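Coordinates in review
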Amino acid sequence: MTSRGAEQTREHSQERTRDVPDRRPLLVTGVTAAASLALVLAAVRWGWLGPDMGRGDGFCEAARPGWVRQPANTWSNLGFVLAGLAVAAHAAHRHRLGLTLGAHPGLATAFAALAVLLGPGSMAMHATQSDLGGHLDLLSMFLVSGFALAYAVMRFLRRGPVVFAAVFVVAVLAGMAVHLRGGSVPVLGHVGNAAFAAELWLAIALEVVLARRPEARQDRWWALASVLTLGVAFAIWTTGTRGHAWCRPDSLLQQHGVWHLLCAAAAYLLFRHYAAERPREREHPAYRP
């Protein structure tokens, strides 16, 4: 066989390898989805999360009799589960993960699993209106904002997963500490929401800085789509509170439910922004879309 023929054979072999999906992201995310949904539904059905303390009742929807107190605000959280599974399906093809995630594919799977957990976490609060459910709701939010912040810091400092893990843990613990301390702020309500927003804004600021760096090319459209979707979601969120003129407590179409669905879309778009990162100088075959 000539050297040219051998080179072509190697290229064809590499192409076949690239096209073989890695089933681990979908397996891990699917198990996370099934286990977390089963646990939260069992906890809601048998009252493991404690009595109704009115947590989340400020989001317009009236509490209904039965074991799911706010059905619209509860079941709309399945959007997060679907978003996480969509992330995992994309992550099954490593050549689609871009520069940093391609080097650390476990982070893509982690993001998929954390996106899924937003669903059961929020369901725990809206289905029961319990205190513990409220804590689980904020915890699931900080898991995602902590990921966004840690992933941005890791790339900003040009470090690896160890730095990511350290920042992630600090961000989650700091957010929960602010939440548990309690208090309220204008517009956002609970101070935990403000801590969540602060972590997201810091992550966005770092992404803007990273987009200006010479060594990596960012697809800014995915990031812009994510931020705009989140902005629209927040605008709708402000109309879905008790006392707002547009609040219809007995309707099954709730603004807060729309907020859940749009936030799920924003999380997926954020992941696509991460996965679109490419080397600026030259395209490496492992990172071709």
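Heads up: the structure comes first, above all this text.
An account of the accompanying structure is given in this report. (Residues numbered from 1 in each chain as written. Predicted model: local features only at pLDDT ≥ 70, side-chain atom pairs only at ≥ 80, totals over all residues. Heavy atoms only, no water.)

So, about the layout of surface pockets. A probe as big as a water molecule, rolled over the atoms, marks out the empty space that is left. Considering only enclosed or pocket space, the largest pocket measures out at about 1,400 Å³ in volume. Lining the largest pocket are 50 residues, with Phe196, Ala197, Leu200, Leu230 and Trp259 positioned closest to its centre. Put simply, the parts of the chain that give the lining of the largest pocket at least two residues each are helix H6 (105-128), helix H7 (131-156), strand E2 (189-190), helix H9 (191-211), helix H10 (220-239) and helix H11 (255-275). Classifying every residue of the lining of the largest pocket by side-chain character gives 31 nonpolar, 14 polar and five charged. For the second largest pocket, the calculated volume is near 250 Å³. Taken together, 16 residues form the lining of the second largest pocket, with Leu99, Thr100, Arg155, Glu215 and Glu277 sitting closest to its centre. Secondary structure elements with two or more residues in the lining of the second largest pocket: helix H5 (98-103) and H7. When the residues that make up the lining of the second largest pocket are grouped by side-chain class, the tally is five nonpolar, three polar and eight charged. (1 Å grid on protein atoms, 1.4 Å probe; cavity = no way out; pocket = protein on both sides within 12 Å on 5 of 7 lines; lining within 4 Å. Points joined across faces, edges and corners; volume = space filled by probe spheres on them. Helix = DSSP H or I, 4+ residues; strand = E, 2+ residues; numbered from the N terminus. Nonpolar A, V, L, I, M, F, W, Y, C, P; charged D, E, K, R; others polar.)

This brings us to the pattern of salt bridges. Under the definition given, this model contains five salt bridges. Among the ionic pairs, Asp22 bridges to Arg24, the shortest N-O distance being 2.9 Å. With relative accessibility at 57%, the residue Arg24 sits in the exposed group. The salt bridge involving Glu61 is made with Arg64; its shortest N-O contact spans 3.1 Å. Across this residue pair, the class does not change: Glu61 and Arg64 are buried. (Salt bridge = Lys/Arg side-chain N within 4 Å of Asp/Glu carboxyl O. Buried < 20%, exposed > 50% of the residue type's maximum accessible area, 1.4 Å probe, protein only.)

With 49 residues, the main nonpolar core has Phe147 and Phe271 as its most contacted residues. Per-element accounting of this core gives the leading share, 13 residues, to H7. What Phe271 contacts, discounting residues up to four positions off in sequence, is Val87, His90, Ala91, Leu97, Leu101, Ala108 and Phe111. Counting residues in hydrophobic clusters, the runner-up holds seven residues, among them Val40, Val44, Leu49 and Ala124. (Core = buried A, V, L, I, M, F, W, Y, C linked by side-chain atoms within 4.5 Å. Contact = heavy atoms within 4.5 Å.)

What follows concerns the side chain of Ser130. By the secondary structure assignment, Ser130 is in the loop between H6 and H7. In terms of polar contacts, Ser130 uses its side chain to reach the backbone amide nitrogen of Gly133, at 3.1 Å. (Polar contact = N/O pair within 3.5 Å; in protein donor to acceptor, adjacent residues only side chain to side chain.)

Working note: α-helix, 3.6 residues per turn, so residues spaced by three or four point in the same direction. The end-to-end C-alpha separation of H9 is 30 Å, in line with the 30 Å expected for 21 residues at 1.5 Å each. Turning to H9, its buried residues are Val191, Gly192, Asn193, Ala195, Phe196, Glu199, Leu200, Ala203, Leu206, Glu207, Leu210 and Ala211. In the core, the buried residues of H9 are packed alongside H7, helix H8 (161-181), strand E1 (184-185), E2, H10 and H11. (Expected span 1.5 Å × (residues − 1).)

The next point concerns the state of the cysteines. What the rule picks out here adds up to one disulfide. With no disulfide of its own, Cys263 has Cys60 as its nearest cysteine by sulfur position, at a separation of 17 Å. (Disulfide = S-S within 2.5 Å.)

What follows deals with the environment of Ala38. Note on placement: Ala38 falls in helix H2 (residues 24-45). For Ala38, a relative accessible area of 48% gives the class partly exposed. Ala38 sits 101 residues away from Leu139 along the chain, and the two C-alpha atoms are 18 Å apart.

Right, let's get into a nonpolar patch on the surface. There is a patch of nonpolar side chains on the surface, built from Trp67, Trp75 and Leu78 and spanning about 280 Å² of accessible area. With respect to the helices and strands, Trp75 occurs in helix H3 (residues 71-75). For Trp75, a relative accessible area of 38% translates into the label partly exposed. (Patch = residues over 30% accessible without salt bridge, like charges linked within 9 Å, V, L, I, M, F, W, Y side chains within 5 Å. Areas by Shrake-Rupley, 256 points an atom, 1.4 Å probe, with all protein chains shown as cover.)

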